[in-house]
Each structure stands twice: as C-alpha cells, then as structure tokens.
Amino acid sequence: MPANLCGTWDIISNVNLEGYMVALGISPQLRKIALKLKLKKVIEQQGDEYIIKTTSTFRNYTVSFRMGQEFEEFTRGLDNRNVKSLVTWEGNKMVCEQIGEKKNRGWAHWIEDDKLHLDLFCEGEVCSQVFKKK
Ligand code: VL7
C-alpha cells in the first residue's frame, strides 16, 4: 500500500458532519444522535482485501473491497442506499467514488503527521474527520 493506513484510530475532530448528513437526507433525529458519537476506525488488510470498520456505541459500519475493483455497496444503517463503489490510490490518498443517486459522492483517506484523515463528500458538502492512532 502506498501509505499504511492500517490500525485502530480514534476520532479527534469532525467538521461539517451535519452538512454531509443533510446532503445524504439523514433525518434530524438520526443526525442529532450521529453528531454526538465518538467514531473509531479500524483499517485492516488481508492479502489484497481491505476492510474498513467504522464503529460507535450506537451503530457500526463495515466495508471491504479490493483496489481498482468496482463493487456493490449498500450503506446499511447510514443512508441505506445502493451505490457502485471503486477505491483507488491517487498518490498517497485512498480514494473511493460512490456512484449512485447522490452526485459527487465518495471519500478519501490519507495520513498526515501520524494522523489519519478522512474527507467524506456528497453533493458539494465535505465532512473532514481526523483520527489519532490508538
Ligand atoms: C461512515 C457518519 C453519517 C448517517 C448513523 C450514524 C452512525 C456509525 O463511510 C464512512 O467511512 C468510509 C471511509 O472510512 C468507509 O465506509 C463513514 C460513518 C460517518 C455517516 C450518516 C448517520 C447514521 C454511524 C457507523
């Protein structure tokens, strides 16, 4: 992997999760819960498969994929949509495009100063999260 993102990570900042969730059409009630969560990321690699787990006390979300191989993703427990996803390296960024009903949807992970960064984007809204290694 061009950058080693593997490990267990705890969120330390979360900017514009609200805007991202509004863009996804998440209900006000669920947004209120989601905004209070302290998210964790567990990123693993097994052979050529990557597994990304987002966990919280409320709900967990797991996705697994191979680089450069399009896959069907159902965002269960998030906005519950089907998308066609594709993850590739763009330099040292792990970039996912999520093609579906929502335009310009996806995310990007990268490492900066020993921190794991994540931008989540949807229809012009960007949520920027930073995690520190556990
Ligand atoms: C996914 C929050 C907010 C809906 C539930 C809140 C509980 C706990 O897609 C994501 O990560 C990618 C890249 O690492 C890999 O899947 C982040 C969680 C961000 C989304 C939407 C609120 C509903 C969420 C899992």
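Residues numbered from 1 in each chain as written. Predicted model: local features only at pLDDT ≥ 70, side-chain atom pairs only at ≥ 80, totals over all residues. Heavy atoms only, no water.

Observations regarding the site of the ligand
Taken together, 20 residues are adjacent to the ligand, and Lys41, Ile52, Arg59, Tyr61 and His109 come closest. Between the ligand and Lys41, the relevant distance is 2.7 Å, taken from an oxygen atom to a side-chain nitrogen or oxygen of the residue. At 2.7 Å from an oxygen atom of the ligand is found a side-chain nitrogen or oxygen belonging to His109. Calculation on the ligand without its partners gives an accessible area of 620 Å², and the protein chains cover 99% of this total. At the level of secondary structure, the elements contributing two or more residues to the shell around the ligand comprise α1 (17-24), α2 (28-35), β3 (49-55), β4 (61-66), β8 (106-112) and β9 (115-122). (Near = heavy atom within 4 Å. Polar contact = N/O pair within 3.5 Å; in protein donor to acceptor, adjacent residues only side chain to side chain. Areas by Shrake-Rupley, 256 points an atom, 1.4 Å probe, with all protein chains shown as cover. Helix = DSSP H or I, 4+ residues; strand = E, 2+ residues; numbered from the N terminus.)

Structural notes on α1
Across the eight residues of α1, six count as buried, placing the element largely inside the fold. The set of residues buried in α1 consists of Leu17, Gly19, Tyr20, Met21, Ala23 and Leu24. Check the buried side of α1 and you find it contacts β1 (7-15), α2, β9 and β10 (125-133). A positive backbone phi angle near 80° is found at Gly25, which sits one or two residues after α1. (Buried < 20%, exposed > 50% of the residue type's maximum accessible area, 1.4 Å probe, protein only. Contact = heavy atoms within 4.5 Å.)

Description of the pairing of strand β7 (residues 93-99)
Pairing geometry for strand β6 (residues 82-90) and β7, over seven bridges, is antiparallel. Note on β7: the bridge partner recorded for Trp89 is Met94. Note: β7 against β8, four bridges, orientation antiparallel. Bridge assignment links Met94 to a residue of β8, and that residue is His109. Linking β7 to β8, which pair antiparallel, is a turn of six residues; within it Asn104 sits at a positive phi near 50°. (Pairing = 2+ DSSP bridges.)

Some remarks on empty space enclosed by the protein
For the structure shown, the criterion picks out one cavity of 30 Å³ or more. Approximately 610 Å³ is the volume attributed to the largest cavity. Taken together, 31 residues form the lining of the largest cavity, with Tyr20, Leu39, Thr54, Tyr61 and Leu78 sitting closest to its centre. Where the lining of the largest cavity is concerned, the elements lending two or more residues are α1, α2, β3, β4, β8 and β9. No other element matches α1, which puts four residues into the lining of the largest cavity. (1 Å grid on protein atoms, 1.4 Å probe; cavity = no way out; pocket = protein on both sides within 12 Å on 5 of 7 lines; lining within 4 Å. Points joined across faces, edges and corners; volume = space filled by probe spheres on them.)

Comments concerning the pattern of salt bridges
By the definition in use, this model includes nine salt bridges. As a salt-bridge pair, Arg31 and Glu18 come within 3.0 Å of each other at their nearest N and O atoms. Of the two residues, Arg31 is situated in helix α2 and Glu18 in helix α1; the sequence distance between them amounts to 13 residues. On the accessibility criterion, Arg31 (16% relative accessible area) is buried. On the basis of relative accessible area, Glu18 is assigned to the partly exposed category, the value being 31%. Put simply, Lys102 and Glu123 hold a salt bridge, and the shortest N to O gap is 3.9 Å. A residue pair is termed long-range when its members are at least 10 positions apart, and Lys102 in the loop between β7 and β8 and Glu123 in the loop between β9 and β10 qualify at 21 residues. Using a relative accessible area of 39% as the deciding quantity, one classes Glu123 as partly exposed. It is possible to trace a salt-bridge network through shared partners that takes in Asp79, Arg81, Glu101 and Arg105. (Salt bridge = Lys/Arg side-chain N within 4 Å of Asp/Glu carboxyl O.)

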